[in-house]
Amino acid sequence: MTAFATAAALSLPISLCRSSKLSCKKGVRGGFRVFAVLGEEGGLLDKKNTWGPLFDVEDPRSKMPKFKGKFLDAYQALEVARYDIQYCDWRARQDLLTIMILHEKVVEVLNPLAREYKSIGTMKKELAELQDELSQAHRQVHISEARVSTALDKLAYMEELVNDRLFQDRSPAESDQASPSPSSSTQSLDAVKNKSSRKNLKVSGPVQPYQPHLKNFWYPVAFSTDLKDGTMIPIDCFEEPWVLFRGKDGKPGCVQNTCAHRACPLHLGSVNEGRIQCPYHGWEYSTDGKCEKMPSTLLLNVKIKSLPCFEQEGMIWVWPGSDPPAATLPSLQPPPGFQVHAEIVMELPVEHGLLLDNLLDLAHAPFTHTSTFAKGWSVPSLVKFLTPASGLQGYWDPYPIDMEFRPPCMVLSTIGISKPGKLEGQSTSECATHLHQLHVCLPSSRQKTRLLYRMSLDFAPVLKHVPFMHYLWKHFAEQVLNEDLRLVLGQQERMINGANVWNWPVSYDKLGVRYRLWRDAVENGAKQLPFDKST
Ligand code: FES
Ligand SMILES: [Fe+2]
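All values derive from a computational prediction rather than experimental measurement. (Residues numbered from 1 in each chain as written. Chains lettered and ligands numbered in written order. Predicted model: local features only at pLDDT ≥ 70, side-chain atom pairs only at ≥ 80, totals over all residues. Heavy atoms only, no water.)

Before we move on, can you summarise the packing of helix α7 (residues 352–359) against helix α10 (residues 510–523) with the specific residues and values?
Close contact between α7 and α10 brings their axes to 8 Å; oriented N to C, the two are set at 145°. For the pair α7 and α10, the contacting residues are His-352, Gly-353, Leu-354, Leu-356 and Asp-357 in the first and Gly-512, Tyr-515, Arg-516 and Arg-519 in the second. Residue composition of the contact of α7 with α10, grouped by class: three nonpolar, three polar and three charged. (Axes fitted to C-alpha atoms, helices over the stretch in contact; angles between N-to-C directions. Helix = DSSP H or I, 4+ residues; strand = E, 2+ residues; numbered from the N terminus. Contact = heavy atoms within 4.5 Å. Nonpolar A, V, L, I, M, F, W, Y, C, P; charged D, E, K, R; others polar.)

Which residues make up the packing of aromatic side chains, and what are the values?
Taken as a whole, this structure holds 12 aromatic pairs when the rule is applied. Ring centres of Phe-373 and Trp-377 lie 5.7 Å apart, and the angle between their planes is 80°; on these two criteria the pair is classed as edge-to-face. The exposure class assigned to Trp-377 is buried, which follows from its relative accessible area of 15%. One aromatic cluster is present, formed by Phe-217, Phe-405, Tyr-515 and Trp-518 through successive ring pairs. (Phe/Tyr/Trp six-rings, centres within 6.5 Å; stacked < 30°, edge-to-face > 60°. Buried < 20%, exposed > 50% of the residue type's maximum accessible area, 1.4 Å probe, protein only.)

Talk me through α10; I want residue IDs and the actual numbers.
The end-to-end C-alpha distance of α10 is 20 Å, a good match for the 20 Å that 14 residues give at a rise of 1.5 Å each. Where burial is concerned, most of α10 is hidden: 13 out of the 14 residues are buried. Positioned one or two residues after α10, Gly-525 has a phi angle of 70°, which is positive. (Expected span 1.5 Å × (residues − 1).)

Summarise the sheet that holds strand β8 (residues 252–256); cite the residues concerned and give the values.
The strand order β6-β7-β8-β13 describes an open sheet built from four strands, whose pairing is antiparallel. On the outer flanks of this sheet lie β6 (232–237) and β13 (306–307), each paired with one strand and no other. Relative to β13, β8 runs antiparallel, the two being bridged by two bridges. Each bridged residue has a counterpart across the sheet, and for Val-255 the counterpart in β13 is Ser-306. (Pairing = 2+ DSSP bridges.)

Could you give me a rundown of the nonpolar core, with the residues and numbers involved?
Ranked by size, the top nonpolar core spans 86 residues in total, and within it Leu-244, Met-315, Leu-332, Leu-348, Trp-396, Val-440 and Trp-518 carry the most contacts. Here this core gathers at least three residues from each of two domains, domain 2 (219–311) and domain 3 (330–523). Dropping the residues within four chain positions of it, Trp-396 is found in contact with Leu-360, Asp-361, Leu-362, Ala-363, Val-383, Lys-384, Phe-385, Ile-401, Met-403 and Tyr-508. One finds Phe-245, Trp-283, Met-294 and Ile-304 within the second-largest nonpolar core, a separate group that totals 16 residues. (Core = buried A, V, L, I, M, F, W, Y, C linked by side-chain atoms within 4.5 Å. Domains from an automatic or database assignment.)

How would you summarise the environment of Gln-479 if you had to cite specific residues and measurements?
Assignment of secondary structure puts Gln-479 in helix α9 (residues 469–496). The sequence separation of Gln-479 and Ser-371 amounts to 108 residues, and the corresponding C-alpha distance is 8.5 Å.

Please provide a residue-by-residue account of the sheet that holds strand β21 (residues 433–445), values included.
Strand order across the open sheet formed by seven strands is β16-β22-β21-β20-β19-β18-β17, with antiparallel pairing between neighbours. At either margin of the open sheet sits one strand with a lone partner, and together these are β16 (339–348) and β17 (384–390). Each strand axis lies, on average, 20° off the axis of its neighbour in the sheet, ignoring direction. Of the pairings in the sheet, the one linking strand β18 (residues 393–397) to strand β19 (residues 401–406) comprises three bridges and is antiparallel in character. For Gln-393, the partnering residue across the bridge sits in β19 and is Glu-404. Along the sheet, α7 makes contact with β16, β19, β20 (410–417), β21 and β22 (448–457), crossing β21 at roughly 165°. Along the sheet, α9 contacts β16 and β22; its crossing angle with β16, the most-contacted strand, is approximately 45°.

Tell me what's going on with the coordination of the iron ion (ligand 2), and back it up with residues and numbers.
Protein-derived ligands of the iron ion (ligand 2) are His-364 (NE2), His-369 (NE2), Asp-484 (OD) and Asp-484 (OD), with the metal-ligand distances lying across 2.1 to 2.4 Å. Here the iron ion (ligand 2) binds four donor atoms, and the angle range of 57 to 145° at the metal identifies the geometry as irregular. Between consecutive donor residues of the iron ion (ligand 2), the sequence gaps follow H-x4-H-x114-D. Highlighted residues: His-364 in the loop between α7 and α8 (365–368) and Asp-484 in helix α9, separated in sequence by 120 residues. The residues His-364 and Asp-484 share a single accessibility class, namely buried. (Donors = N, O, S within 2.8 Å, 3.2 Å for Na, K, Ca; no water. Tetrahedral: all angles 85-135°; square planar, octahedral: opposite > 155°, others 65-115°.)

Which residues make up a nonpolar patch on the surface, and what values do they have?
There is a patch of nonpolar side chains on the surface, built from Trp-504, Val-506 and Tyr-508 and spanning about 300 Å² of accessible area. Its location among the elements puts Trp-504 in the loop between α9 and α10. (Patch = residues over 30% accessible without salt bridge, like charges linked within 9 Å, V, L, I, M, F, W, Y side chains within 5 Å. Areas by Shrake-Rupley, 256 points an atom, 1.4 Å probe, with all protein chains shown as cover. Salt bridge = Lys/Arg side-chain N within 4 Å of Asp/Glu carboxyl O.)

Can you tell me about the state of the cysteines, naming the residues and giving the values?
Structurally, a disulfide amounts to a covalent bond that connects the sulfur atoms of two cysteines. Under the defined criterion, the tally for this structure stands at zero disulfides. The thiol of Cys-264 is not disulfide-bonded; the next cysteine sulfur, from Cys-278, is found 4.1 Å away. Unpaired in this structure, Cys-409 has its nearest cysteine sulfur neighbour in Cys-441, at a distance of 6.4 Å. Cys-409 gets classed as buried once you look at its relative accessible area, which sits at 0%. (Disulfide = S-S within 2.5 Å.)

So, the environment of Pro-398: which residues are in play, and what are the values?
With respect to the element layout, Pro-398 can be found in the loop between β18 and β19. Overall, the relative accessible area of 24% leaves Pro-398 in the partly exposed class. For the pair formed by Pro-398 and Pro-380, sequence separation is 18 residues and the distance between their alpha carbons is 7.5 Å.

Could you give an account of the side chain of His-436, naming the residues involved and the relevant values?
Relative to the helices and strands, His-436 resides in strand β21. Ignoring any residue separated from it by four or fewer positions in sequence, one finds His-436 in contact with Pro-334, Pro-335, Phe-338, Leu-412, Ser-413, Thr-414, Arg-454, Met-455 and Ser-456.

Describe the environment of Thr-328, with residues and values.
Along the polypeptide, Thr-328 turns up in the loop between β15 (315–318) and β16. A relative accessible area of 61% places Thr-328 in the exposed class. The spatial distance from the C-alpha of Thr-328 to the C-alpha of Trp-218 is 8.8 Å, given a sequence separation of 110 residues.

The analysis is restricted to geometry; functional conclusions fall outside its scope.
Here it is, written out as structure tokens:
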């Protein structure tokens, strides 16, 4: 097998070069050389077989852009890395095909009909040859595995470079200010150098009113099971009081929680035949906010504000923004095979961004969660968050945990476990059992978050029927959250007094930093959002 390499040099103004795994060399002026893993001999599709559709995948090498010897920008380099992944996929299919064909041959040799006209010696020889070929094919699979790992690492690295450039583009003025004066001592020069190469992200000062752009998303606000017919759920959303209830048709509605007459809170009243009734003078409103009953006076044309409100997959969603609502609601279902075991709602006294920062960080676990799920965890020498698929989802190394930030305020994570509190294996796919978590951090008011937590398992379905199990899950979730809360409250207090809660991000802060970049872009009304899968 002869591998040929495609070489490309990056024009990024960054002088980093990761030595391990990546085949990269320093180029001129601190540029990069990126060696694609594409190459090798033709495939095995000519050995036609019955598994056609699985293996009939086009060899991506013909479509690979010709970047050899050229300086690439970050996005072109990402393209190269993406082709590497496609090639790895194609190569893996070829390897699998080889093994399947060899297995078929073994079956043929052992066929009782064939045995009738072949001597034992001939069969033994044929089987020995096939065994050799099989072990060679298995070796090839291991090589492919290593190649996939290298390609994924490379892709993650490219994304990091793009991200770094986003940081640099964001605040050139701050970097300029950090330039050292000629009279600086060597020590202070180093300090300034370190400081200027750090990622600039500023989250400090009193919690500001929410930017209207942030409202133009669908927000989950309650679990369906908590909104029974005839009941109400008062919520704060973007600093306004709202109340949820079901109309006569059973569909949920969300109206302003303030009576049009004299501003009495409506949730202190009741729901009659799908209308919410004010407890003060009995005015009744339908789910679209229209006042349909006005006892003891003439019925006037009165309406209170209402929000677009829908129910999907066990959750109630609202659209608080002024833009027309997006046509589809996102899906937050756990993967197939999981069953929901707990749905918990908590009102927390912290700004929702600070809570999201906390949930998107796993490196704090062995220090913060020492009485709960991370009890006994050792502190790894290096913690990384790798993002091979999209910029807002990836997996933790060395923990078997996949994590995703789902705009505008959701965190999804899948954790490989053997039993609650125990981690197992190096990656989630290696683990036999899993726990899936959904955290929704609804911006209630400036320093308040309504947290919706849903926990699902792909094992022990019987736990769902154990009496009071829900209380145990709730107790455990509260314990974990309290371990975080005292720290986040402390951060919030310091932030209000001027400290920057993103003063010194490091590599394991990647997902939290990306959330902040995404949110900054939304709040600034950017047309194209960073890390958007659709772009
Ligand atoms: S304040 Fe609600 S009916 Fe008077
Ligand atoms: Fe935590």
